[in-house]
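A structural walkthrough
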Amino acid sequence: MSRSNILTILSAIIVVVACGAFVIFGMIKLTGVEMSVHGWIALGLGITISLALGGTLSTVLVISRRRGFDEAAYEAGGLAPSDDQV
């Protein structure tokens, strides 16, 4: 295993541990806090709209690439896509 792989894995472990500590700390400090119905509705709408927007943008990206709209951007910028990019 190379040194960069070890550093990447170590960094990922540190980030996961830090996130876990943050969640545990928040759960301990916010034990008496409750969210109202309006808060749950806002949270649900935010998650739903974010997922829908992400899915829509990903779909547009795939359709644009398959229909060749990206080649016009290469030509306008003076760049021609090479054979391995097509």
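Counting from 1, residues in each chain are numbered in the order their sequence is written. Under the rules for a predicted model, residues below a pLDDT of 70 receive no local features and side-chain atom pairs below 80 are neither given nor counted, while totals for whole chains, interfaces and linings still include all residues. Computation of side-chain values covers all heavy atoms of the structure but excludes hydrogens and water.

1. Overview of the overall build of the protein chain
Selection rule: Secondary structure elements are defined from DSSP: runs of H or I of at least 4 residues count as helices, runs of E of at least 2 residues count as strands, and each element is numbered from the N terminus. Exposure classes here rest on a 1.4 Å probe applied to the protein chains alone. A residue is buried below 20% of its type maximum, exposed above 50%, and partly exposed in between. Calculation of accessible area relied on Shrake-Rupley with a 1.4 Å probe; when residues are assessed, cover is drawn exclusively from the protein chains displayed.
Each helix and strand in the protein chain was counted, giving three helices and zero strands. The order of α-helices and β-strands along the protein chain, N terminus first, is α-α-α. Split into buried and exposed, the 86 residues of the protein chain put 2% on the buried side. In the form shown here, the protein chain has an accessible surface area of approximately 7700 Å², with 72% of it arising from carbon and sulfur atoms.

2. Considerations on the side chain of Ser64
Heads up, the rule is: Only heavy atoms matter for contacts: two residues are in contact if any of them lie within 4.5 Å across the pair.
Structurally, Ser64 is set in helix 2 (residues 37-67). Using a relative accessible area of 17% as the deciding quantity, one classes Ser64 as buried. Not counting the four nearest positions on each side in its chain, Ser64 is found in contact with Phe69 and Asp70.

3. Quick notes on a nonpolar patch on the surface
Cut-off, in case you're wondering: Patch membership is restricted to residues that have no salt bridge and whose relative accessible area is over 30%. Joining uses 9 Å for like charges and 5 Å for the nonpolar side chains Val, Leu, Ile, Met, Phe, Trp and Tyr. A pairing counts as a salt bridge when a side-chain nitrogen of Lys or Arg comes within 4 Å of a carboxyl oxygen of Asp or Glu.
Residues Met1, Ile6, Ile9, Ile13 and Val17 make up a contiguous nonpolar surface patch of roughly 530 Å² in combined accessible area. You can see Ile13 is positioned in helix 1 (residues 3-29).

4. Observations concerning the confidence of the model for the protein chain
What counts, and what does not: What pLDDT reports is the predictor's confidence in each residue, on a scale of 0 through 100.
For the protein chain, per-residue confidence averages 87 on the pLDDT scale, and 84% of positions sit at 70 or higher. Taken element by element, the protein chain is modelled with least confidence in helix 3 (residues 69-76), mean pLDDT 71, and with most confidence in helix 2, mean pLDDT 95.

5. Digging into helix 2
Two residues of an α-helix separated by three or four positions point the same way, owing to the 3.6 residues in each turn. Here is the rule: A helix is expected to span 1.5 Å multiplied by its residue count minus one.
Between its first and last C-alpha atoms helix 2 spans 45 Å; for 31 residues at 1.5 Å apiece the expected length is 45 Å, and the two agree. One or two steps after helix 2, the chain reaches Gly68, where phi turns positive at roughly 90°.

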